[in-house]
Amino acid sequence: MSMKPDTQQKAWAGKHSRRIIYSLAALLFLILAGGAYLLLKPNNSFKDEVYKGHGGTFKNTLAEIDTPDPSVIYKDGYYYMTFTHNGTDIMVMKSLTLDFRQAERKVVWYPPAETAYSANLWAPELQYIRGSWYIYFAADDGQNENHRMYVLQADSGDPLGSYTFEGQITDSSNKWAIDGLAMEVDGELYFVWSGWEGEVNAAQNTYIAPMSDPLTISGPRVLLSEPLLTWEQAGGPPYINEGQSVLHHNGRVFIVFSGAGSWTPYYSLGLLALKPGGNPLEAADWIKAEQPLLAMDEAAGVYGPGHNSFTVSPDGSEQWIVYHATTGAEDGWNNRKARAQPVSWDADGLPVFGKPLPLSEAIPVPAGMGVLQAEAALRSGNKLEFPSLPSTVDTMIPLLVHYVNPGGEPAGAAVSLNGGPPAAVLPLPPSGGGQTGYAYLSLPFTAGKNTVAIELPEGAVTEVKAIEIPRYEGEVQAMEGNAAAEDNPYASGGAAAVLSGSGAALKFSHIQVPHSGTYTVLVAVMNASPDAKLELAVNGGAKTAYSPLPQERNQPSLWQLELKLQRGTNKIILFDRQGSFSIDYMDIWQKSE
């Protein structure tokens, strides 16, 4: 959607030539209500750690496609996910956020035909171990009883690059094995997996063995857990311990596994906790929880939550669990999609997952998500490039630049888009010592992936620390009354929130700003009925009313307000007072003073 005032609201339609996009760049600061002003505000009033990004919320699921057995890892500014991709190959997805709907996707490995590992590729695990990427996966020759574990090693530091097949990874028993991954404890490597005791598919157990390196098991397997608890045997036989994952916290080590039939709604997550100072190869040093930590919740419409992995928030302060689940009790192995929610801890230092969250719940994003650090950018001299910034449609995007200017004079940063010439010079006033300043501007993103480049003059003492895009999509906010998310290919994120009726409301409940002050807030309203009226309230204060101007179908009516926001968390609520309309997005920025 084009961020133009109501008097100029013919939105861009379809693809535009690069020539048109760059001609718009000359108007970079002549947008948003037609004013010519720099979107700029340095921060000199508080320490950096207070502000961790613009916040926002997301909703499960993490992708629109089936993503069973999700393995998610965060590294160098990106989340990566691999999963069971139809059992035919290995795909890796790359995203700036936990939302993988607009992720870069690539099949990184196809098995050769007519081998012991050509079919039924299950549960790949993407891991970064001692400076290299590895993918552990199970495969067979078309017969399940021949499933064994195999490993790929990346040929470069890019997890979406090429991989070399390194062969089978097995202990001396060479029994049936799936769902394996490496675990590191006190500098030693171990391999953990699900396997059969013998040749009969009666039960899947949890096994561990030492490793001499990420490619080699160096000792006999040790049985850690059998599916003997009542909840583990639901849906069997066979009885199940599988989908093992590893969690570290405050020096403690945990193995979380899936129990009960994966084809049933009873599939759940169990826990093995290593005693403090315990030996991972001693079964007696592992304590098994009697009850599952995450299980089916019919009220929430979540069935068969299991086969998880763990990842972290971008700032490293939070741990998150990613698991698959379905929305129907009879879904079986169909409709398994990845979901995420934060991990908490009890007084004994044990993980708490809580109940699986319903798809309707707006979840605060992981701390620091959406803040793209300079360390993860491509650097060439004084130029930083931030690639792979997605957009569903052509749209004007707000950009927030974090910087430090310790000098006494203003600096300027040349900003360019998608390999074009500099679109503007962004002033970066002194920020005061080593404190962080914040400067806002807007850029014309095209549908697809975009690259923002920021270049400082030679010898500049100013440093760009990070960028972020303070846009809040309507469809991932909390909703009340007759409000629902609806797919819309013309909307900013490919969907919008539709409100219909006087009881409907949309709650933007996790909005963060760097400092207290007056901010410009732009709300994109689409497809409003002729009698539509809405109101907006900030942090429980007085309401402001708005009647959208008539527009063509799927063209936005842009409501611009000047609102006082507080440092930290803010809540903005939109109320439907009459008629119906859609909320595409809300942008927040700050003018210079």
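All figures in this text were calculated on a predicted structure; none of them were measured in a lab. (Residues numbered from 1 in each chain as written. Predicted model: local features only at pLDDT ≥ 70, side-chain atom pairs only at ≥ 80, totals over all residues. Heavy atoms only, no water.)

Caption draft 1: Examining the sheet that holds strand β4 (residues 78-82) more closely. Read across the sheet, four strands follow the order β3-β4-β5-β6 without closing on themselves; strand pairing throughout is antiparallel. Of all the strands in the sheet, the pair left with one neighbour each is β3 (71-75) and β6 (104-109). With direction set aside, neighbouring strand axes in the sheet form an average angle of 25 degrees. Bridge count for β4 against strand β5 (residues 90-95) is four bridges, and the pairing is antiparallel. Opposite Thr82, over in β5, you have Val92 as the bridge partner. (Pairing = 2+ DSSP bridges. Helix = DSSP H or I, 4+ residues; strand = E, 2+ residues; numbered from the N terminus. Axes fitted to C-alpha atoms, helices over the stretch in contact; angles between N-to-C directions.)

Caption draft 2: Seen up close, the nonpolar core. Val452 and Ile454 are the most contacted members of the largest nonpolar core, which totals 45 residues. If we ignore the near neighbours within four places in the chain, the residues touching Val452 are Leu384, Glu385, Phe386, Leu389, Leu399, Val415, Ser416, Leu417, Leu443 and Phe445. (Core = buried A, V, L, I, M, F, W, Y, C linked by side-chain atoms within 4.5 Å. Buried < 20%, exposed > 50% of the residue type's maximum accessible area, 1.4 Å probe, protein only. Contact = heavy atoms within 4.5 Å.)

Caption draft 3: Spatial organisation of the side chain of Gln204. Along the polypeptide, Gln204 turns up in the loop between β12 (188-195) and β13 (205-213). Among the polar contacts listed, one links the side chain of Gln204 to the side chain of Ser194, at a separation of 3.0 Å. (Polar contact = N/O pair within 3.5 Å; in protein donor to acceptor, adjacent residues only side chain to side chain.)

Caption draft 4: Up close: the environment of Asp69. Among the secondary structure elements, Asp69 is positioned in the loop between β2 (57-58) and β3. Placed 370 residues apart in sequence, Asp69 and Ala439 show a C-alpha to C-alpha distance of 41 Å.

Caption draft 5: A look at the pattern of salt bridges. Scanning all chains against the criterion turns up 13 salt bridges. Of the charged contacts, one joins Lys175 and Glu199 as a salt bridge, the two residues approaching to 2.6 Å between their closest N and O atoms. Of this pair, Lys175 sits in the loop between β10 (163-168) and β11 (177-185) while Glu199 sits in the loop between β12 and β13, placing them 24 residues apart in sequence. Judged by its relative accessible area of 57%, Glu199 falls in the exposed class. A salt bridge links Glu463 to Lys465, with the nearest nitrogen and oxygen atoms 3.8 Å apart. (Salt bridge = Lys/Arg side-chain N within 4 Å of Asp/Glu carboxyl O.)

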